[in-house]
Amino acid sequence: MTAIAYIINGPNLNLLGQREPQIYGHETIEDVAASCETLGATLGIKIKAMQSNHEGQIIDWIHEARLEAAGIIINPGAFTHTSIAILDALNAFDGTVFEVHISQVHKREAFRHHSYVSLRADGVIAGFGTEGYELALRRLASILAP
Ligand code: CA2
């Protein structure tokens, strides 16, 4: 059976490619989803890519992932630094969790240095631009089919 990976993006990431390209690059959220879907097809992983500005929606998707996904690649946006509720939802997920940040958060303001999600993440990527999603996906594939 084909493994499923959820790629979940949090608040404001719908603006990717439209503002602050010096921090977040030129790719749009649709570009990220498309390149992950293409890569997923070569790796034998079905991708479900989603974005929401709402914490509850993100939590509902994580619950949905419990029923069908082998892995979650999540960029929780600013909820990274605030949301115990997203951490709790990820703690209820049994598969692999990778946390991705487009920017190098540790080079930025101090409030971006702490992540609740990192308490659950099996791996964290920061500062590799939107390529970070593909790197996480490749790692997920090697974990699923060593
Ligand atoms: O570097 C990342 O991926 C972040 O998760 C992005 C979040 C930020 O709050 C985190 O500290 C680090 C912000 C996403 C905002 O995305 C925008 C994209 C383009 C234009 C404006 C905002």
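For the structure itself, look to the data block above.
Since this is a predicted model, take the numbers as computed values, not measurements.

Enquirer: Explain the site of the ligand here, please?
Expert: Around the ligand, the surrounding shell holds 17 residues, and the nearest of these are Asn75, His81, Ile102, Ser103 and Arg112. Taking Ala78, its main chain carries an N or O atom lying 3.4 Å from an oxygen atom of the ligand. Between His101 and the ligand, the recorded distance is 2.9 Å, taken from a side-chain N or O atom to an oxygen atom. Here the ligand, which alone exposes 510 Å², has 95% of that area covered by the protein.

Enquirer: I tried to follow the side chain of His81 on my own but got confused; where do I start?
Expert: Among the secondary structure elements, His81 is positioned in the loop between strand E3 (71–75) and helix H4 (84–91). Look at His81 and you get buried, because its relative accessible area is 17%. Within the structure, His81 has its side chain in polar contact with the backbone oxygen of His114 (distance 2.9 Å). In contact with His81, other than residues within four places in its own chain, are Phe111, Arg112, His114 and Tyr116.

Enquirer: Could you clarify how one ought to interpret the pattern of salt bridges in this entry?
Expert: Oppositely charged side chains are able to pair whenever their charged atoms sit close together. Inspection of the entire model under this criterion finds 4 salt bridges. Notably, a salt bridge pairs Glu109 with Arg108, separated by 3.9 Å at the nearest N-O pair. Linking Arg120 and Asp122 is a salt bridge whose minimum nitrogen-to-oxygen distance equals 3.1 Å. Salt bridges linked by common partners bring Arg108, Glu109 and Arg112 together as one network.

Scoring rules and cut-offs
- Residues numbered from 1 in each chain as written.
- Predicted model: local features only at pLDDT ≥ 70, side-chain atom pairs only at ≥ 80, totals over all residues.
- Heavy atoms only, no water.
- Near = heavy atom within 4 Å.
- Polar contact = N/O pair within 3.5 Å; in protein donor to acceptor, adjacent residues only side chain to side chain.
- Areas by Shrake-Rupley, 256 points an atom, 1.4 Å probe, with all protein chains shown as cover.
- Helix = DSSP H or I, 4+ residues; strand = E, 2+ residues; numbered from the N terminus.
- Buried < 20%, exposed > 50% of the residue type's maximum accessible area, 1.4 Å probe, protein only.
- Contact = heavy atoms within 4.5 Å.
- Salt bridge = Lys/Arg side-chain N within 4 Å of Asp/Glu carboxyl O.

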